[in-house]
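# Coordinate analysis (summary)
Chain by chain, the residues:
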Amino acid sequence: MGAVIVVLAVIGLLVLLVYLKFPPPFANAKTIGVYDKMVLGVCGVLCLLWFLNARATWMGTDDDKWWIPLGILGALAIEIGFLGICFLMRNFWIFKPPRRPGGL
């Protein structure tokens, strides 16, 4: 279980770095910054809620030893999926490139 957590943590870190390092170059930097802070905040809240739900569901049951690894795995999976989808939406739909660069 530890190896899976490490692999997902590395993938999650790479997704986060790609999300932060490759904003759309033609969009307003201030608007991108606000969007990025909002997305990271929502992602953090979703991951925290998943972890607390895993704690509330599995703590004190026969599966008590599994709630921490499953909470971490779920939070990493949520982070990877959410940031991946938001990256695609940000770069290709919300702040999509202009159809004719240099045109009016």
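Here, every reference points to the structure presented above.
Residues numbered from 1 in each chain as written. Predicted model: local features only at pLDDT ≥ 70, side-chain atom pairs only at ≥ 80, totals over all residues. Heavy atoms only, no water.

## Focus: the nonpolar core
Counting 17 residues, the largest nonpolar core has L8, Y19, Y35, V39, L83 and C86 as the members making the most contacts within it. Only α1 (2–21), α2 (29–58) and α3 (67–94) provide two or more residues apiece to this core. Element by element, the count of residues in this core is highest for α3, at seven residues. Here L83 is in contact with V15, L16, Y19, V39, L40 and C43, once residues within four sequence places are set aside. (Core = buried A, V, L, I, M, F, W, Y, C linked by side-chain atoms within 4.5 Å. Buried < 20%, exposed > 50% of the residue type's maximum accessible area, 1.4 Å probe, protein only. Helix = DSSP H or I, 4+ residues; strand = E, 2+ residues; numbered from the N terminus. Contact = heavy atoms within 4.5 Å.)

## Section: the environment of K37
Relative to the elements of secondary structure, K37 occurs in helix α2. Residues K37 and I85, spaced 48 residues apart in sequence, show a C-alpha to C-alpha distance of 15 Å.

## Focus on the packing of aromatic side chains
Here the structure, examined in full by the defined rule, presents two aromatic pairs. Consider the rings of Y35 and F95, whose centres lie 5.8 Å apart with planes at 85 degrees: the pair is edge-to-face. A residue pair is termed long-range when its members are at least 10 positions apart, and Y35 in helix α2 and F95 in the segment after α3 qualify at 60 residues. On the basis of relative accessibility, which here comes to 11%, the residue Y35 falls in the buried class. The residue whose ring lies beneath R90 is Y19, and the NZ or CZ to ring-centre distance is 4.3 Å. (Phe/Tyr/Trp six-rings, centres within 6.5 Å; stacked < 30°, edge-to-face > 60°. Lys NZ or Arg CZ within 6 Å of the ring centre and 35° of its normal.)

## Considerations on the side chain of R90
In this structure, R90 sits in helix α3. The buried category is assigned to R90, whose relative accessible area is 0%. Within polar-contact distance, the side chain of R90 engages the backbone oxygen of F22 at 3.0 Å. When near neighbours in sequence (up to four residues on either side) are disregarded, R90 contacts Y19, F22, P23, P24, I32, Y35, D36 and F95. (Polar contact = N/O pair within 3.5 Å; in protein donor to acceptor, adjacent residues only side chain to side chain.)

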